Amino acid sequence: TQPSSAAADPAAGAAVKATDRAHVFHSWSAQGLIDPLPIAGAEGAYFWDYDGNRYLDFSSQLVNTNIGHQHPKVVAAIQEQAAKLCTIAPGFAVDVRSEAARMVAERTPGDLDKIFFTNGGAEAVENAVRMARLHTGRAKVLSAYRSYHGATAAAINLTGDPRRWPSDTASAGVVHFWGPFLYRSAFHAESEQQECERALAHLEQTIAFEGPQSIAAIILETVPGTAGIMVPPAGYLAGVREICDRHGIVFILDEVMAGFGRTGKWFAAEHFGVTPDLLTFAKGVNSGYVPLGGVAISAEIAATFDQRPYPGGLTYSGHPLACASAVATMNAMTEERIVENAAEIGEKVIGPALHEIAGRHPSVGEVRGMGVFWALDLVRNKETREPLVPYNASGAANAPMAEFAAACKRGGLWPFVNMNRTHVVPACTITEAEAKEGLAALDEALTAADAHT
Ligand code: PMP
């Protein structure tokens, strides 16, 4: 995985960047204020630039490359499929699409046995919501404030975090509520059990005042990811399941980020013994080697569309190259015990190390997570828990986090930073030695955050 020094080619990197700056319009960015790093290559847990700098990828490219970069079996499967059949419309039955659907269905909990394929997470959320609305004949959808569900029309409105604000059309039917999060409790709770009970009571009350007969679905990330990796207290998701059943509300779990090994199980729902009616996935299904997402659908909701058409579709639904890479990814994850590796590394290496690091750094307020899905909540003051940067901080207000991220990069570590948090989300394939290398760099970089406490 070491790039040879011959690979360093700063002039080529500068050319790539110049064309990028001229013509690529970047996501979530002020176009004139960004400085994207030109990337020359990637392998396993690392990627590298044109100047010969190699980075240990603790971001997994937006928490996506669960299988690591350039897994040879997945690359080969894409090449073989490309030689055989690159594309075919969704209306046909194709071997790789059938097999990818069968394998996803086999891995999802309960009777989620029908798979609608999309090109990514937001489209999965859009379609899950549409299915819930058509199934129930109701319009409203409830989602959590501390959530991210994608950036398309409905998905961005469902998203609770501040990325919603500029796109908020107050789209009819979206209602936000507070999920459980003891460290910054909306309910002044003092224990996980209290937080769980109060969050469920708050949800019940929200439903009562919105009118249960008007609510199609509740959508939750099983373990909210971008909003801060908040593992829900024992009993919360089972409680939501029971509330949904009682009111005839469809329960959607969004596992776009938490699914496919990230939490140390195929799906995070398994940790909590809960089966949703619809489960959205993307990212880890094939580590994004070719864009792919989808909705796993329960028998009951699938039956709604047995004799009447499902009024939705995508030209690239179940794209052969994407499905071939998904089949190869799932096979490799099983054969190479990659999900088990994520669980073991999280439990034995990353979790204990992060708790130990937190004890030594005044800027680390809380450590949260499981598997290879961890966040450090950075604070100015451990007692008051004041976040290191203000909520939705950008520009100068976010300088402390930018300094911390720069320190990580100087140490050869590529972090995932969001608001006042840094997330530790390496590939599920990460070895103990690689994890320790990254954790040492993180430990050192945290002194830059400590300077702001
Ligand atoms: N849901 C969740 C939980 C996500 O984390 C994301 C992406 N970070 C999405 C939906 C949207 O996925 P995409 O960017 O593929 O549209």
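All values reported here derive from a predicted model rather than from experimental measurement. Here the residue numbering is sequential within each chain, running from 1 through the sequence in written order. pLDDT decides what is reported in this predicted model: residues at 70 or higher carry local features, side-chain atom pairs at 80 or more are listed and counted, and totals for whole chains, interfaces and linings draw on all residues regardless.

1. Brief notes about the overall build of the chain
Part 1: For the chain, the count of helices and strands is 14 helices and 16 strands.
Part 2: A globule of 453 residues ought to have a C-alpha radius of gyration of about 22 Å, and the chain, at 22 Å, matches this closely.
Part 3: Overall, the chain is about 60 × 60 × 45 Å in size when its C-alpha atoms are taken along their principal axes.
Part 4: A pair of residues counts as a contact when their C-beta atoms, built from backbone coordinates, are separated by no more than 7 Å. Considering only intrachain contacts with a sequence separation of at least 6, the fraction spanning at least 24 residues in the chain is 73%. Helix numbering and strand numbering both begin at the N terminus, where a helix is a DSSP run of H or I of at least 4 residues and a strand a DSSP run of E of at least 2. Taken over C-alpha atoms, the radius of gyration is set against a globule rule of 2.2 Å times the number of residues to the power 0.38.

2. Some remarks on the sheet that holds strand β3 (residues 54-57)
Part 1: If you trace the four strands from one edge of the open sheet to the other, you get β1-β2-β3-β14, paired in mixed fashion. Looking along the sheet, the strands with just one partner apiece sit at the ends: β1 (39-43) and β14 (413-414). Any two strands between which DSSP finds at least two bridges are classified as paired.

3. Focus on the pairing of β1
Part 1: Sheet topology places β1 next to strand β2 (residues 46-49); four bridges connect them, and they run antiparallel. Residue pairing across strands places G41 opposite W48, the latter belonging to β2.
Part 2: Connecting β1 to the next strand, β2, in antiparallel fashion are two residues, including G44 with a positive phi near 55 degrees.

4. A word on the sheet that holds strand β10 (residues 293-297)
Part 1: An order of β4-β10-β9-β8-β7-β5-β6 is seen for the seven strands of this open sheet, with the pairing classed as mixed. Edge positions in the sheet fall to β4 (114-118) and β6 (174-177), since each has one partner strand and no second. Between one strand axis and the next, the sheet turns through 20 degrees on average, direction left out of account.
Part 2: One ladder, built from five bridges, connects β4 with β10; its direction is antiparallel. Counterpart to K114 in the pairing with β10 is I297. Axis definition: a line fit to C-alpha positions, over the contact stretch in the case of helices; interaxial angles, taken between N-to-C directions, run 0 to 180 degrees.

5. Thoughts on the site of the ligand
Part 1: Any residue whose backbone-placed C-beta atom lies within 6 Å of a molecule or strand is treated as near that molecule or strand. Near the ligand you find 16 residues, and of these G120, G121, A122, G150 and V256 are the closest.
Part 2: A per-element tally of the shell around the ligand places helix α5 (residues 121-136) first, with three residues.
Part 3: Within the shell around the ligand, the residues separate by chemical class into seven nonpolar, seven polar and two charged. Here the term charged refers only to Asp, Glu, Lys and Arg, the term nonpolar to Ala, Val, Leu, Ile, Met, Phe, Trp, Tyr, Cys and Pro, and the term polar to all other amino acids, Gly among them.

6. So, the domain arrangement of the chain
Part 1: Throughout, the edges of the domains are those of an automatic or database domain assignment. For the chain, the assigned domains read domain 1 (5-70 + 337-450) and domain 2 (72-335).
Part 2: Domain 1 and domain 2 are separated by 25 Å when their C-alpha centres are compared.
Part 3: Counting from both sides, the interface comprises 28 residues of domain 1 and, opposite them, 28 residues of domain 2.
Part 4: Of all the secondary-structure elements, those providing two or more residues to the side of domain 1 that touches domain 2 are α2 (60-63), α12 (338-360), β11 (364-370), β12 (373-381) and β16 (421-424).
Part 5: Residue composition of the side of domain 1 that touches domain 2, by class: 12 nonpolar, 11 polar and five charged.

7. A short note on the confidence of the model for the chain
Part 1: Per-residue confidence from the prediction method is given by pLDDT, with values spanning 0 to 100. Summing up the model confidence of the chain, the mean pLDDT is 96 and the portion of residues at 70 or higher is 98%.
Part 2: Here the predicted complex carries an ipTM of 0.99, next to a pTM of 0.97.

8. So, the packing of helix α3 (residues 72-84) against helix α11 (residues 320-335)
Part 1: Where α3 contacts α11, the axes come no closer than 8 Å and their chain directions differ by 150 degrees. Considering their axes alone, α3 and α11 lie roughly antiparallel with respect to each other. The chirality of how α3 crosses α11 is right-handed. Along its contact with α3, which presents K73, V74, A77, I78, Q81 and A82, the element α11 presents P320, L321, A324, S325, V327, A328, T329 and A332.
Part 2: When the residues that make up the contact of α3 with α11 are grouped by side-chain class, the tally is 10 nonpolar, three polar and one charged. Comment on the angle field: the value is read as roughly parallel under 35 degrees, roughly antiparallel over 145, roughly perpendicular from 65 to 115, and oblique elsewhere. Crossing handedness follows the turn of the near helix against the far one: under a right angle anticlockwise gives a left-handed crossing, and clockwise gives a right-handed one.

9. Section: the packing of helix α4 (residues 95-107) against α11
Part 1: At their nearest, the axes of α4 and α11 sit 8 Å apart, and the two run at 45 degrees to each other. By the angle between their axes, α4 is oblique relative to α11. Classified by chirality, the crossing of α11 by α4 is left-handed. Here α4 contributes V96, R97, E99, A100 and M103 to the contact with α11, which in turn contributes P320, C323, A324, A326, V327 and M330.
Part 2: Broken down by class, the residue content of the contact of α4 with α11 amounts to nine nonpolar, no polar and two charged.

10. Some details on the nonpolar core
Part 1: By our criterion, buried Ala, Val, Leu, Ile, Met, Phe, Trp, Tyr and Cys residues that link up through C-beta atoms within 7 Å make up a nonpolar core. Partly exposed residues are those whose C-beta has more than 12 but fewer than 20 other C-beta atoms within 10 Å; with 20 or more the residue is buried, with 12 or fewer it is exposed, and the C-beta atoms are placed from the backbone. Core analysis: the largest hydrophobic core is formed by 130 residues, its most contacted members being A217, I218, I252 and L278.
Part 2: The leading source of residues in this core is α11, at nine residues.
Part 3: In terms of domain composition, this core takes at least three residues from each of domain 1 (5-70 + 337-450) and domain 2 (72-335).
Part 4: Apart from the residues lying within four places of it in its own chain, the contact partners of A217 are V129, A132, V141, I249, V250 and I252.

11. Let's talk about the pairing of β16
Part 1: Burial of β16 is two-sided: the residues R421 and H423 facing one way and the residues T422 and V424 facing the other way are all buried.
Part 2: In this structure, strand β15 (residues 416-418) lies alongside β16, joined through three bridges in antiparallel fashion. Paired with N418 across the strands is R421, a residue of β16.
Part 3: Here β15 folds back onto β16 in antiparallel fashion, the turn holding two residues, of which M419 has a positive phi close to 50 degrees.

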